Amino acid sequence: MKKIVKTLFAGAMAFSLVACSNGGEAEGGSDTPATTDEGYKIAVVTDVGQLMDKGFNQGTYEGAQAYADAHGISMKYYQPANGSDATDNDRIDAMKQAVENGAEVIVTPGFLQATAIEAVAKENPDVKFVFVDGWAMGMDNVTAIVYKEQESGYFAGYAAVKEGYTKLGFTGGGGGANPAVNRYGYGFVQGASAAATEEGVDVTIKYSYKYGETFSASTELQTQIAGWYANGTEVVFACGGSMFQSVLSAAAEYENAKIIGVDVDQSGESSKVITSAMKGLSASVEQVLGQFYDGKWDTELADVAQNLGAADDGTGLPTDTWSMTNFSVDDYKALFDKVASGELTPSADVPADANNGDWLKGIDHVTVEFE
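Just so it is clear, the model here is predicted, and its values are computed rather than measured.

### Remarks on the pairing of strand 9 (residues 203-208)
Sheet topology places strand 8 (residues 167-172) next to strand 9; five bridges connect them, and they run parallel. In the strand pairing of strand 9, Thr171 is matched with Ser208. After leaving strand 8, the chain enters helix 5 (residues 179-199) and then returns to the sheet as strand 9, a path that is right-handed. Relative to strand 15 (residues 366-370), strand 9 runs parallel, the two sharing five bridges. When the sheet's bridge partners are listed, Tyr207 is paired in strand 15 with Phe370.

### Considerations on the nonpolar core
Core analysis: the biggest nonpolar cluster contains 48 residues, and Leu168, Ile205, Tyr207 and Phe237 have the highest contact counts within it. Here this core gets nine residues from one element, more than from any other, and that element is helix 5. Not counting chain neighbours up to four residues away, the residues in contact with Leu168 comprise Ala160, Val161, Phe188, Ala192, Val203, Thr204, Ile205, Lys206, Thr233 and Val235. Of all hydrophobic cores here, the second largest spans 27 residues; its members include Ile73, Met75, Val264 and Leu281.

### Description of the packing of helix 2 (residues 88-100) against helix 3 (residues 114-123)
Across the interface, helix 2 lies against helix 3 with an axial gap of 8 Å and an inter-helix angle of 35°. Taken as a pair, helix 2 and helix 3 cross one another with a handedness that is right-handed. Contacts from Asp88, Arg91, Ile92, Met95, Lys96 and Val99 in helix 2 reach Thr115, Ala116, Ile117, Ala119, Val120 and Glu123 in helix 3. Among the residues making up the contact of helix 2 with helix 3, the classes are represented as seven nonpolar, one polar and four charged.

### Section: the confidence of the model for the chain
Do not read the predicted coordinates in detail wherever pLDDT is low. Residue-level pLDDT values for the chain average 90, and 90% of them are 70 or greater. Confidence drops under pLDDT 50 across residues 1-26; counting only partners more than four residues distant or on other chains, this segment forms 62 contacts.

### Topic: helix 1 (residues 56-71)
An ideal rise of 1.5 Å per residue puts 22 Å on 16 residues; helix 1 measures up with 23 Å between its terminal C-alpha atoms. Across the 16 residues that make up helix 1, a large majority, 13, are buried. Of the residues one or two after helix 1, Gly72 is the one with positive phi, at around 65°.

### Concerning the packing of aromatic side chains
Here the distance between the centres and the angle between the planes together describe a pair of aromatic rings. As enumerated under the stated definition, the model contains 23 aromatic pairs in all. Both rings, one in Tyr207 and one in Phe370, keep their centres 5.8 Å apart while their planes meet at 25°; by these two values the pair is stacked. Pair noted here: Tyr207 is in strand 9 and Phe370 is in strand 15, with a separation of 163 residues, a long-range link. With a centroid separation of 6.2 Å and an interplanar angle of 40°, the aromatic rings of Tyr229 and Tyr254 are classed as tilted. Taken as a pair, Tyr229 in helix 6 (residues 219-230) and Tyr254 in the loop between helix 7 (243-251) and strand 11 (258-263) lie far apart in primary sequence, 25 residues in all. Here Tyr229 falls in the buried class, since its relative accessible area comes to 6%. Given the relative accessible area of 27%, Tyr254 is considered partly exposed. These aromatic residues form a ring-pair network of at least three members: Phe170, Tyr184, Tyr186, Phe188, Tyr207, Tyr209, Phe237, Trp359 and Phe370. Residue placement shows Lys76 over the ring face of Tyr40; its charged tip is 5.3 Å from the ring centre. The ring of Tyr78 has Lys76 lying over it, and the distance from NZ or CZ to the ring centre is 5.6 Å.

### Section: the sheet that holds strand 11
Pairing in this open sheet of seven strands is mixed, and the strands run 14-12-11-10-8-9-15 from one edge to the other. Looking at the sheet topology across the chains shown, the edges are occupied by strand 14 (315-316) and strand 15. Lying on the sheet, helix 6 is in contact with strand 8, strand 9, strand 10 (235-239) and strand 11; it crosses strand 8 at an angle near 170°.

### Here's the deal with the environment of Gly357
Note on placement: Gly357 falls in the loop between helix 10 (329-341) and strand 15. Overall, the relative accessible area of 16% leaves Gly357 in the buried class. A C-alpha to C-alpha distance of 7.7 Å links Gly357 and Val368, two positions eleven residues apart in sequence.

### Structural notes on the packing of helix 1 against helix 8 (residues 281-293)
At a closest axis distance of 7 Å, the pairing of helix 1 and helix 8 adopts a crossing angle of 40°. The angle between the axes of helix 1 and helix 8 places the two elements in the oblique class. Two packed elements cross with a definite hand, and for helix 1 against helix 8 that hand is right-handed. Residues Phe56, Gly59, Thr60, Glu62, Gly63, Ala64, Ala66 and Tyr67 of helix 1 lie in contact with helix 8, whose contacting residues are Leu281, Ser282, Val285, Glu286, Leu289, Gly290 and Tyr293. For the contact of helix 1 with helix 8, a count of residues per class yields eight nonpolar, five polar and two charged.

### Here we look at the pairing of strand 4 (residues 75-79)
With five of its five residues buried, strand 4 lies for the most part within the structure. The side-chain alternation of strand 4 yields two buried faces, one formed by Met75, Tyr77 and Gln79 and the other by Lys76 and Tyr78.

### Regarding the pattern of salt bridges
Inspection of the entire model under this criterion finds twelve salt bridges. Residue Lys162 pairs with Glu199 through a salt bridge whose shortest N-O separation is 2.8 Å. Note that Lys162 is positioned in helix 4 (residues 149-163) and Glu199 in helix 5, a separation of 37 residues in sequence. The salt bridge partner of Asp263 is Lys279, with a shortest N-O separation of 3.8 Å. Taken together, the residues Asp263 in strand 11 and Lys279 in strand 12 (residues 273-279) connect sequence positions 16 residues apart. Pair check on accessibility: Asp263 and Lys279 agree, each one buried. Through salt bridges with shared partners, a single network forms among Asp133, Glu149, Arg183, Asp263 and Lys279.

Criteria and cut-off values
- Residues numbered from 1 in each chain as written.
- Predicted model: local features only at pLDDT ≥ 70, side-chain atom pairs only at ≥ 80, totals over all residues.
- Heavy atoms only, no water.
- Pairing = 2+ DSSP bridges.
- Helix = DSSP H or I, 4+ residues; strand = E, 2+ residues; numbered from the N terminus.
- Right-handed = clockwise from strand over helix to strand, strands pointing away.
- Core = buried A, V, L, I, M, F, W, Y, C linked by side-chain atoms within 4.5 Å.
- Buried < 20%, exposed > 50% of the residue type's maximum accessible area, 1.4 Å probe, protein only.
- Contact = heavy atoms within 4.5 Å.
- Axes fitted to C-alpha atoms, helices over the stretch in contact; angles between N-to-C directions.
- Left-handed = near helix turned anticlockwise from the far one by under 90°.
- Nonpolar A, V, L, I, M, F, W, Y, C, P; charged D, E, K, R; others polar.
- pLDDT = per-residue confidence, 0-100.
- Expected span 1.5 Å × (residues − 1).
- Phe/Tyr/Trp six-rings, centres within 6.5 Å; stacked < 30°, edge-to-face > 60°.
- Lys NZ or Arg CZ within 6 Å of the ring centre and 35° of its normal.
- Parallel < 35°, antiparallel > 145°, perpendicular 65-115°, else oblique.
- Salt bridge = Lys/Arg side-chain N within 4 Å of Asp/Glu carboxyl O.

Right under this line is the structure:
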């Protein structure tokens, strides 16, 4: 997986999208290059939220689109009906539509896709499925890409405290039941604790899944985060797709309010973003598609979950857009090397239902205020 290093921290690519609605069915867009007589060969079926969400859906989509463009392969994306309220049946319908339109490989970001993948993959054994943020499902036509989000969260929490912030916030999507988000959050707390211990300071972290169940922006979330900023929170880790927009709107009300982005480099969205806890979504999707089209599915991908971290350049902070002044790129690289080498291993020991604060108590130099 070392090829990922070449593209993980590149800036987000811009694409021209042509969206259409199919009368209550899955929404989709036709992407370049144009469809062939066999239909659209690569498909992306999005998770909840918007396609260009400045986060998880977008990073996954951009990887698939980049591979399609580079190799002249037709591609189409599909958004399940009902948006943030999409059901398993909506996702199944979107995947079936992709199959009917000629897909030979379907990229599906998000753990909510599991039930739909199982149903459609069993019915279509000749179609391959890439389950991003998923797990091995016991089927030879399904492969999974998993990330060590606790590492990126650790880097971000450590950086924030080293930069001088001691009043932090974390707002997470998935209602406490999304494993990837939970790992991000726990890593964030661990990194903040490590830096606070080194600096001899005490840190407070506001921590909540309260308004993030659907990963969507909302007035309720904006009000909550604005309240955090009003009461002294300095920087908030916005960990959940379109939730970023609510945090950004809240931060806009306060001159010194700062944000940490997630999944992709979100610094281009606002000068308030001090860094982003990233994973190699685009690069890893490109690589898996390359393995598939190189004929390596059976030998390298079938019923396999590849767990990517710093050692694979699958997690990290973006250094090309570095805006911090007290915590340097060199300091970050030294920390990154410790994680990549295994000298430092952030824990991923998060409960399946993390929607309470008990498991976050007793962390050195950090008080977690769970809401």
